[in-house]
Amino acid sequence: MNKELFEYVLRVGDDSLILGQRLSEWCGHGPILEEDIALTNIALDLIGQATNLFEYASQIEGGKRSADQLAFLRFDREYRNLLLVEQPNGDFGDTIMRQFLFDAFRKPFFERLTFCTDMQLSGIAEKSLKETKYHLKHSSEWVIRLGDGTEESHNRIQNSLDSLWRYTDELFFENDVDASLLNEYHLPILSDVKQEWIKNVENVLNEATLTIPNNNWQFKGGREGLHSEHLGKILAEMQYMQRAYPNMEW
Amino acid sequence: MVNSENIWKFLEEVADPEIPVLSIIDLGVVLDVVVNEEKCLITITPTYSGCPAMKHIENQIVELLSIKGISNVEVKQVLSPAWTTDWISESGRRKLLEYGIAPPVDEIDKSILFGDDPKVNCPKCGSASTRMISLFGSTACKAQYQCKDCLEPFDYFKCLK
Ligand SMILES: [Zn+2]
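Residues numbered from 1 in each chain as written. Chains lettered and ligands numbered in written order. Predicted model: local features only at pLDDT ≥ 70, side-chain atom pairs only at ≥ 80, totals over all residues. Heavy atoms only, no water.

Engineer: Help me out: how do you make sense of the overall build of chain B in this one?
Structural biologist: The helix and strand inventory of chain B stands at four helices and seven strands. Start at the N end of chain B and walk to the C end: the helices and strands fall as α-α-β-β-α-β-α-β-β-β-β. Overall, chain B is about 55 × 30 × 25 Å in size when its C-alpha atoms are taken along their principal axes. Accessible surface computed for chain B: about 8000 Å², of which carbon and sulfur atoms make up 49%. Looking at chain B, you have 16 positive and 23 negative side-chain charges, and the mean spots of the two groups are 5 Å apart. (Helix = DSSP H or I, 4+ residues; strand = E, 2+ residues; numbered from the N terminus. Areas by Shrake-Rupley, 256 points an atom, 1.4 Å probe, with all protein chains shown as cover. Lys, Arg positive; Asp, Glu negative; His and termini not counted. Charge placed at Lys NZ, Arg CZ, Asp CG, Glu CD.)

Structure representation (C-alpha coordinates):
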(Lines give C-alpha, C1' and ligand atoms only; values in the text may rest on other atoms or scores of the structure.)
Protein backbone atom coordinates (compact mmCIF):
# COMPACT_ATOMS: atom_id res chain seq x y z
CA MET A 1 0.00 0.00 0.00
CA ASN A 2 1.14 3.54 -0.80
CA LYS A 3 0.96 5.09 2.67
CA GLU A 4 1.76 8.60 1.55
CA LEU A 5 -0.85 8.63 -1.18
CA PHE A 6 -3.41 7.26 1.27
CA GLU A 7 -2.56 10.07 3.68
CA TYR A 8 -2.79 12.67 0.93
CA VAL A 9 -6.20 11.49 -0.23
CA LEU A 10 -7.43 11.48 3.38
CA ARG A 11 -6.37 15.11 3.80
CA VAL A 12 -8.44 16.27 0.89
CA GLY A 13 -11.32 14.01 1.89
CA ASP A 14 -11.28 15.08 5.54
CA ASP A 15 -11.38 18.77 4.61
CA SER A 16 -14.51 18.10 2.57
CA LEU A 17 -16.11 15.84 5.16
CA ILE A 18 -15.62 18.06 8.19
CA LEU A 19 -16.63 21.28 6.44
CA GLY A 20 -19.61 19.48 4.92
CA GLN A 21 -20.64 18.30 8.38
CA ARG A 22 -20.23 21.84 9.75
CA LEU A 23 -22.33 23.37 6.99
CA SER A 24 -25.05 20.77 7.43
CA GLU A 25 -25.53 22.15 10.96
CA TRP A 26 -27.10 25.16 9.24
CA CYS A 27 -29.96 23.07 7.91
CA GLY A 28 -33.13 24.72 9.18
CA HIS A 29 -31.17 27.59 10.79
CA GLY A 30 -30.14 29.74 7.81
CA PRO A 31 -30.74 33.51 8.11
CA ILE A 32 -33.00 33.36 5.04
CA LEU A 33 -34.49 30.42 3.18
CA GLU A 34 -32.22 30.88 0.15
CA GLU A 35 -29.11 30.72 2.32
CA ASP A 36 -30.38 27.72 4.21
CA ILE A 37 -30.66 25.98 0.85
CA ALA A 38 -27.33 27.32 -0.44
CA LEU A 39 -25.30 26.23 2.61
CA THR A 40 -26.80 22.77 2.66
CA ASN A 41 -26.31 22.39 -1.10
CA ILE A 42 -22.65 23.24 -0.63
CA ALA A 43 -22.55 20.73 2.24
CA LEU A 44 -23.94 18.10 -0.13
CA ASP A 45 -21.25 18.83 -2.73
CA LEU A 46 -18.57 18.53 -0.05
CA ILE A 47 -19.93 15.27 1.37
CA GLY A 48 -20.11 13.94 -2.20
CA GLN A 49 -16.47 14.84 -2.75
CA ALA A 50 -15.57 13.19 0.55
CA THR A 51 -17.38 10.01 -0.51
CA ASN A 52 -15.40 9.85 -3.76
CA LEU A 53 -12.14 10.48 -1.94
CA PHE A 54 -12.78 7.95 0.84
CA GLU A 55 -13.78 5.31 -1.70
CA TYR A 56 -10.45 5.88 -3.37
CA ALA A 57 -8.59 5.87 -0.03
CA SER A 58 -10.29 2.58 0.80
CA GLN A 59 -9.03 1.16 -2.50
CA ILE A 60 -5.49 2.33 -1.81
CA GLU A 61 -5.68 0.64 1.57
CA GLY A 62 -6.67 -2.59 -0.15
CA GLY A 63 -10.24 -2.54 1.11
CA LYS A 64 -9.22 -2.89 4.76
CA ARG A 65 -11.82 -0.29 5.69
CA SER A 66 -14.78 0.88 3.62
CA ALA A 67 -15.40 4.54 2.77
CA ASP A 68 -18.02 4.67 5.53
CA GLN A 69 -15.65 3.20 8.06
CA LEU A 70 -13.03 5.77 7.13
CA ALA A 71 -15.56 8.55 7.62
CA PHE A 72 -17.20 7.32 10.79
CA LEU A 73 -14.83 5.06 12.67
CA ARG A 74 -11.53 6.84 12.96
CA PHE A 75 -10.35 8.61 16.13
CA ASP A 76 -9.69 12.34 16.19
CA ARG A 77 -5.91 11.96 15.88
CA GLU A 78 -6.42 10.09 12.61
CA TYR A 79 -8.24 12.95 10.89
CA ARG A 80 -6.10 15.07 8.61
CA ASN A 81 -8.35 18.07 7.98
CA LEU A 82 -7.34 21.71 8.35
CA LEU A 83 -8.07 23.42 11.67
CA LEU A 84 -9.95 26.08 9.68
CA VAL A 85 -12.74 23.76 8.59
CA GLU A 86 -13.45 22.43 12.08
CA GLN A 87 -13.96 25.90 13.58
CA PRO A 88 -17.52 26.47 14.84
CA ASN A 89 -20.11 28.03 12.57
CA GLY A 90 -20.45 31.13 14.78
CA ASP A 91 -22.73 33.67 13.14
CA PHE A 92 -23.50 33.72 9.40
CA GLY A 93 -20.52 36.03 8.81
CA ASP A 94 -18.13 33.61 10.53
CA THR A 95 -19.43 30.77 8.38
CA ILE A 96 -19.14 32.83 5.19
CA MET A 97 -15.62 34.01 5.99
CA ARG A 98 -14.47 30.48 6.83
CA GLN A 99 -16.00 29.30 3.56
CA PHE A 100 -14.42 32.09 1.54
CA LEU A 101 -10.90 31.51 2.89
CA PHE A 102 -11.32 27.80 2.15
CA ASP A 103 -12.96 28.12 -1.30
CA ALA A 104 -10.28 30.58 -2.40
CA PHE A 105 -7.75 27.85 -1.54
CA ARG A 106 -9.70 24.97 -3.02
CA LYS A 107 -10.16 26.49 -6.46
CA PRO A 108 -6.46 26.90 -7.38
CA PHE A 109 -5.72 23.65 -5.54
CA PHE A 110 -8.20 21.59 -7.57
CA GLU A 111 -7.17 23.37 -10.78
CA ARG A 112 -3.67 22.06 -10.27
CA LEU A 113 -4.76 18.67 -8.99
CA THR A 114 -6.49 18.00 -12.33
CA PHE A 115 -2.98 17.72 -13.81
CA CYS A 116 -1.72 15.10 -11.38
CA THR A 117 -0.68 11.79 -12.89
CA ASP A 118 -2.96 9.72 -10.67
CA MET A 119 -6.06 9.28 -12.81
CA GLN A 120 -8.46 8.80 -9.90
CA LEU A 121 -7.30 11.91 -8.09
CA SER A 122 -7.31 14.02 -11.24
CA GLY A 123 -10.81 12.78 -12.04
CA ILE A 124 -12.11 13.72 -8.60
CA ALA A 125 -10.40 17.10 -8.89
CA GLU A 126 -11.96 17.77 -12.28
CA LYS A 127 -15.39 16.99 -10.90
CA SER A 128 -14.93 18.94 -7.66
CA LEU A 129 -13.46 21.99 -9.36
CA LYS A 130 -16.68 22.73 -11.23
CA GLU A 131 -18.60 22.79 -7.96
CA THR A 132 -15.94 24.78 -6.12
CA LYS A 133 -16.21 27.63 -8.62
CA TYR A 134 -19.82 28.09 -7.59
CA HIS A 135 -18.95 27.87 -3.90
CA LEU A 136 -16.28 30.54 -4.31
CA LYS A 137 -18.61 32.83 -6.22
CA HIS A 138 -21.21 32.47 -3.50
CA SER A 139 -18.86 33.08 -0.56
CA SER A 140 -17.00 35.94 -2.31
CA GLU A 141 -20.21 37.78 -3.04
CA TRP A 142 -21.37 37.46 0.55
CA VAL A 143 -18.03 38.66 1.93
CA ILE A 144 -18.37 41.78 -0.23
CA ARG A 145 -22.00 42.27 0.65
CA LEU A 146 -21.40 42.00 4.39
CA GLY A 147 -18.07 43.85 4.43
CA ASP A 148 -19.30 46.71 2.28
CA GLY A 149 -22.74 46.64 3.88
CA THR A 150 -23.88 48.31 7.08
CA GLU A 151 -21.59 49.36 9.92
CA GLU A 152 -22.86 46.40 11.92
CA SER A 153 -22.26 43.82 9.18
CA HIS A 154 -18.87 45.36 8.37
CA ASN A 155 -17.67 45.20 11.96
CA ARG A 156 -18.91 41.71 12.49
CA ILE A 157 -17.35 40.19 9.40
CA GLN A 158 -14.11 42.07 10.10
CA ASN A 159 -14.15 40.27 13.46
CA SER A 160 -14.71 36.97 11.66
CA LEU A 161 -11.70 37.66 9.46
CA ASP A 162 -9.59 38.66 12.48
CA SER A 163 -10.35 35.45 14.31
CA LEU A 164 -10.05 33.07 11.34
CA TRP A 165 -6.92 34.53 9.77
CA ARG A 166 -4.70 32.60 12.18
CA TYR A 167 -5.78 29.35 10.52
CA THR A 168 -4.80 30.34 6.98
CA ASP A 169 -1.07 29.53 6.99
CA GLU A 170 -2.03 25.93 7.52
CA LEU A 171 -3.73 25.82 4.12
CA PHE A 172 -0.24 25.64 2.65
CA PHE A 173 1.30 23.23 5.15
CA GLU A 174 3.59 20.62 3.65
CA ASN A 175 5.51 17.76 5.21
CA ASP A 176 7.27 14.53 4.18
CA VAL A 177 4.08 13.25 2.61
CA ASP A 178 4.14 16.01 0.01
CA ALA A 179 7.88 15.74 -0.52
CA SER A 180 7.68 12.03 -1.29
CA LEU A 181 4.74 12.32 -3.70
CA LEU A 182 5.33 15.62 -5.43
CA ASN A 183 7.52 14.56 -8.32
CA GLU A 184 6.00 11.20 -9.03
CA TYR A 185 2.43 12.43 -9.09
CA HIS A 186 2.77 16.07 -10.19
CA LEU A 187 0.71 17.25 -7.25
CA PRO A 188 -0.11 20.94 -6.71
CA ILE A 189 2.80 22.97 -5.42
CA LEU A 190 1.28 24.74 -2.47
CA SER A 191 3.50 27.81 -2.69
CA ASP A 192 2.03 28.41 -6.17
CA VAL A 193 -1.46 27.85 -4.83
CA LYS A 194 -0.69 30.39 -2.11
CA GLN A 195 0.27 33.08 -4.62
CA GLU A 196 -3.03 32.74 -6.36
CA TRP A 197 -4.92 32.46 -3.08
CA ILE A 198 -3.50 35.67 -1.63
CA LYS A 199 -4.15 37.59 -4.83
CA ASN A 200 -7.78 36.52 -4.92
CA VAL A 201 -8.30 37.01 -1.19
CA GLU A 202 -6.82 40.53 -1.31
CA ASN A 203 -9.03 41.45 -4.25
CA VAL A 204 -12.21 40.36 -2.55
CA LEU A 205 -11.29 41.82 0.84
CA ASN A 206 -10.44 45.15 -0.81
CA GLU A 207 -13.76 45.16 -2.57
CA ALA A 208 -15.37 44.35 0.78
CA THR A 209 -13.46 47.20 2.52
CA LEU A 210 -12.00 44.69 4.97
CA THR A 211 -8.46 44.67 6.35
CA ILE A 212 -6.19 41.66 6.70
CA PRO A 213 -5.13 41.54 10.36
CA ASN A 214 -1.50 42.04 11.33
CA ASN A 215 -1.22 39.14 13.69
CA ASN A 216 1.59 36.82 12.77
CA TRP A 217 0.59 34.08 15.16
CA GLN A 218 -0.56 31.09 13.13
CA PHE A 219 -1.93 27.73 14.19
CA LYS A 220 -1.18 24.44 12.54
CA GLY A 221 -1.39 20.74 13.37
CA GLY A 222 -4.50 19.48 11.62
CA ARG A 223 -2.58 17.84 8.80
CA GLU A 224 -0.73 15.77 11.39
CA GLY A 225 -3.77 14.91 13.48
CA LEU A 226 -3.37 17.59 16.17
CA HIS A 227 -6.75 19.25 16.31
CA SER A 228 -8.59 21.92 18.24
CA GLU A 229 -11.14 20.90 20.87
CA HIS A 230 -13.90 21.41 18.30
CA LEU A 231 -13.14 18.33 16.22
CA GLY A 232 -13.90 15.96 19.09
CA LYS A 233 -17.36 17.47 19.43
CA ILE A 234 -18.04 17.20 15.71
CA LEU A 235 -16.97 13.56 15.73
CA ALA A 236 -19.07 12.80 18.79
CA GLU A 237 -22.14 13.94 16.91
CA MET A 238 -21.14 12.52 13.55
CA GLN A 239 -20.08 9.11 14.81
CA TYR A 240 -22.72 8.61 17.47
CA MET A 241 -24.92 6.23 15.48
CA GLN A 242 -22.10 4.00 14.27
CA ARG A 243 -20.54 3.86 17.73
CA ALA A 244 -23.81 3.18 19.51
CA TYR A 245 -25.15 0.71 16.96
CA PRO A 246 -22.14 -0.74 15.14
CA ASN A 247 -22.75 -1.55 11.46
CA MET A 248 -26.23 -0.08 11.51
CA GLU A 249 -27.66 0.82 8.11
CA TRP A 250 -30.74 2.55 6.79
CA MET B 1 -29.82 -10.95 -29.23
CA VAL B 2 -29.91 -7.35 -28.09
CA ASN B 3 -27.20 -5.01 -29.21
CA SER B 4 -26.01 -1.79 -27.62
CA GLU B 5 -28.26 0.25 -29.89
CA ASN B 6 -31.31 -1.49 -28.38
CA ILE B 7 -30.03 -0.73 -24.90
CA TRP B 8 -29.52 2.97 -25.66
CA LYS B 9 -33.10 3.05 -26.88
CA PHE B 10 -34.39 1.29 -23.74
CA LEU B 11 -32.53 3.69 -21.48
CA GLU B 12 -34.65 6.55 -22.85
CA GLU B 13 -37.36 5.11 -20.60
CA VAL B 14 -35.34 5.68 -17.43
CA ALA B 15 -36.38 9.02 -15.96
CA ASP B 16 -34.19 11.30 -13.88
CA PRO B 17 -35.72 11.06 -10.39
CA GLU B 18 -35.36 14.79 -9.69
CA ILE B 19 -36.57 16.09 -13.05
CA PRO B 20 -38.84 13.25 -14.22
CA VAL B 21 -39.54 14.81 -17.65
CA LEU B 22 -35.91 14.16 -18.55
CA SER B 23 -34.59 10.71 -19.33
CA ILE B 24 -31.07 9.85 -18.28
CA ILE B 25 -30.22 9.96 -21.99
CA ASP B 26 -31.55 13.55 -22.27
CA LEU B 27 -29.48 14.44 -19.23
CA GLY B 28 -26.35 12.96 -20.77
CA VAL B 29 -25.28 10.88 -17.79
CA VAL B 30 -24.99 7.62 -19.74
CA LEU B 31 -21.48 7.52 -21.15
CA ASP B 32 -21.14 4.08 -22.61
CA VAL B 33 -22.98 0.83 -23.29
CA VAL B 34 -21.11 -2.37 -24.04
CA VAL B 35 -22.92 -5.63 -24.76
CA ASN B 36 -21.15 -8.94 -25.08
CA GLU B 37 -22.10 -12.56 -24.57
CA GLU B 38 -21.58 -12.46 -20.84
CA LYS B 39 -23.13 -9.21 -19.79
CA CYS B 40 -24.27 -5.72 -20.53
CA LEU B 41 -22.05 -3.01 -19.06
CA ILE B 42 -23.46 0.49 -18.72
CA THR B 43 -21.26 3.39 -17.64
CA ILE B 44 -22.90 6.38 -15.98
CA THR B 45 -21.53 9.58 -14.42
CA PRO B 46 -23.02 11.84 -11.71
CA THR B 47 -24.04 15.43 -12.44
CA TYR B 48 -22.62 16.64 -9.11
CA SER B 49 -20.27 14.85 -6.68
CA GLY B 50 -22.99 14.53 -4.08
CA CYS B 51 -25.81 13.65 -6.45
CA PRO B 52 -28.07 11.49 -4.27
CA ALA B 53 -29.87 9.99 -7.27
CA MET B 54 -27.09 7.79 -8.64
CA LYS B 55 -27.94 4.64 -6.72
CA HIS B 56 -31.58 5.09 -7.62
CA ILE B 57 -30.76 5.49 -11.32
CA GLU B 58 -28.58 2.40 -11.18
CA ASN B 59 -31.44 0.35 -9.68
CA GLN B 60 -33.89 1.70 -12.23
CA ILE B 61 -31.62 0.68 -15.10
CA VAL B 62 -31.24 -2.84 -13.79
CA GLU B 63 -34.97 -3.13 -13.14
CA LEU B 64 -36.01 -1.80 -16.54
CA LEU B 65 -33.62 -4.04 -18.42
CA SER B 66 -34.73 -7.09 -16.49
CA ILE B 67 -38.32 -6.31 -17.51
CA LYS B 68 -37.02 -6.22 -21.09
CA GLY B 69 -35.57 -9.67 -20.51
CA ILE B 70 -31.97 -8.64 -20.12
CA SER B 71 -30.18 -10.02 -17.09
CA ASN B 72 -26.52 -9.78 -16.13
CA VAL B 73 -26.53 -6.02 -16.24
CA GLU B 74 -23.67 -4.19 -14.63
CA VAL B 75 -23.77 -0.46 -14.03
CA LYS B 76 -20.47 1.27 -13.46
CA GLN B 77 -20.02 4.81 -12.18
CA VAL B 78 -17.12 6.96 -13.34
CA LEU B 79 -16.21 10.56 -12.45
CA SER B 80 -14.07 11.33 -15.45
CA PRO B 81 -14.72 12.82 -17.92
CA ALA B 82 -16.70 15.08 -15.63
CA TRP B 83 -20.28 15.73 -16.62
CA THR B 84 -21.11 19.11 -18.12
CA THR B 85 -24.44 20.73 -18.96
CA ASP B 86 -23.27 20.69 -22.60
CA TRP B 87 -24.24 17.01 -22.59
CA ILE B 88 -27.92 17.77 -22.07
CA SER B 89 -29.53 16.93 -25.41
CA GLU B 90 -31.54 19.35 -27.57
CA SER B 91 -34.71 17.46 -26.72
CA GLY B 92 -33.71 17.58 -23.06
CA ARG B 93 -33.40 21.37 -23.21
CA ARG B 94 -36.81 21.62 -24.84
CA LYS B 95 -38.40 19.37 -22.22
CA LEU B 96 -36.85 21.41 -19.41
CA LEU B 97 -38.33 24.60 -20.80
CA GLU B 98 -41.77 23.05 -21.20
CA TYR B 99 -41.52 21.79 -17.63
CA GLY B 100 -40.89 25.34 -16.37
CA ILE B 101 -37.14 25.10 -15.81
CA ALA B 102 -34.93 27.46 -17.78
CA PRO B 103 -32.24 25.39 -19.55
CA PRO B 104 -28.57 26.32 -19.07
CA VAL B 105 -27.33 29.26 -21.11
CA ASP B 106 -23.75 29.45 -22.22
CA GLU B 107 -21.70 31.08 -19.49
CA ILE B 108 -18.05 31.59 -20.17
CA ASP B 109 -15.89 30.24 -17.41
CA LYS B 110 -14.53 33.63 -16.42
CA SER B 111 -17.95 35.07 -15.84
CA ILE B 112 -18.43 32.66 -12.98
CA LEU B 113 -16.45 34.97 -10.71
CA PHE B 114 -17.70 38.52 -10.31
CA GLY B 115 -19.40 38.54 -13.67
CA ASP B 116 -22.97 39.52 -14.33
CA ASP B 117 -25.52 36.85 -13.63
CA PRO B 118 -26.32 34.85 -16.75
CA LYS B 119 -29.15 36.25 -18.83
CA VAL B 120 -31.93 33.76 -18.47
CA ASN B 121 -35.32 33.99 -20.15
CA CYS B 122 -38.49 33.33 -18.16
CA PRO B 123 -39.81 29.87 -19.04
CA LYS B 124 -43.41 31.06 -18.45
CA CYS B 125 -43.68 34.26 -20.50
CA GLY B 126 -40.35 34.34 -22.33
CA SER B 127 -39.35 37.73 -20.92
CA ALA B 128 -35.64 38.48 -20.84
CA SER B 129 -36.12 40.67 -17.80
CA THR B 130 -35.34 38.29 -14.94
CA ARG B 131 -33.19 38.38 -11.82
CA MET B 132 -31.27 35.79 -9.88
CA ILE B 133 -32.57 35.27 -6.35
CA SER B 134 -30.06 32.67 -5.28
CA LEU B 135 -27.19 30.77 -6.86
CA PHE B 136 -28.42 27.60 -5.20
CA GLY B 137 -31.90 26.22 -5.78
CA SER B 138 -34.00 23.20 -4.96
CA THR B 139 -31.17 20.91 -6.01
CA ALA B 140 -27.44 21.48 -6.46
CA CYS B 141 -27.82 21.79 -10.22
CA LYS B 142 -30.32 24.66 -10.13
CA ALA B 143 -30.39 28.36 -9.26
CA GLN B 144 -33.45 30.38 -8.26
CA TYR B 145 -34.65 33.15 -10.54
CA GLN B 146 -37.64 35.42 -10.73
CA CYS B 147 -39.26 37.00 -13.76
CA LYS B 148 -39.60 40.79 -13.42
CA ASP B 149 -42.50 40.89 -15.85
CA CYS B 150 -44.85 38.06 -14.86
CA LEU B 151 -43.24 37.83 -11.40
CA GLU B 152 -43.11 34.05 -11.59
CA PRO B 153 -40.28 32.50 -9.58
CA PHE B 154 -38.56 29.69 -11.50
CA ASP B 155 -35.65 27.29 -11.47
CA TYR B 156 -32.69 27.78 -13.77
CA PHE B 157 -30.55 24.78 -14.63
CA LYS B 158 -27.07 26.16 -13.95
CA CYS B 159 -24.38 25.89 -16.54
CA LEU B 160 -21.69 23.52 -15.33
CA LYS B 161 -18.43 23.22 -17.19
ZN1 LIG C 1 -42.23 35.73 -16.93
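Picking up where we left off.
Engineer: Honestly, helix 3 (residues 54–67) of chain B in this entry has me stumped. Any pointers?
Structural biologist: Every α-helix carries 3.6 residues per turn, so stepping three or four residues along brings you back to the same face. Residue and element names in this part refer to chain B. Between its first and last C-alpha atoms helix 3 spans 20 Å; for 14 residues at 1.5 Å apiece the expected length is 20 Å, and the two agree. Along helix 3, the residues that are buried comprise Met54, Ile57, Glu58, Ile61, Leu64 and Leu65. Angular distribution of buried residues about the axis of helix 3 spans 135°; they occupy a single face of the element. Projecting away from the buried face of helix 3 at angles above 90 degrees are the exposed residues Lys55, Glu63 and Ile67. (Expected span 1.5 Å × (residues − 1). Buried < 20%, exposed > 50% of the residue type's maximum accessible area, 1.4 Å probe, protein only. Arc of directions from axis to C-beta.)

Engineer: Please clarify how empty space enclosed by the protein should be interpreted in this entry.
Structural biologist: All names here are of chain A. By the definition in use, this model includes two cavities of 30 Å³ or more. One number sums up the size of the largest cavity: a volume of about 90 Å³. Lining the largest cavity we find Tyr8, Arg11, Val12, Asp15, Phe105, Arg106, Phe109, Leu171, Phe173, Asp178, Leu190 and Arg223. Where the lining of the largest cavity is concerned, the elements lending two or more residues are helix 1 (3–24) and helix 5 (92–113). Counting residues per element, the lining of the largest cavity draws most heavily on helix 1, at four residues. Counted by class, the lining of the largest cavity contains seven nonpolar, no polar and five charged residues. (1 Å grid on protein atoms, 1.4 Å probe; cavity = no way out; pocket = protein on both sides within 12 Å on 5 of 7 lines; lining within 4 Å. Points joined across faces, edges and corners; volume = space filled by probe spheres on them. Nonpolar A, V, L, I, M, F, W, Y, C, P; charged D, E, K, R; others polar.)

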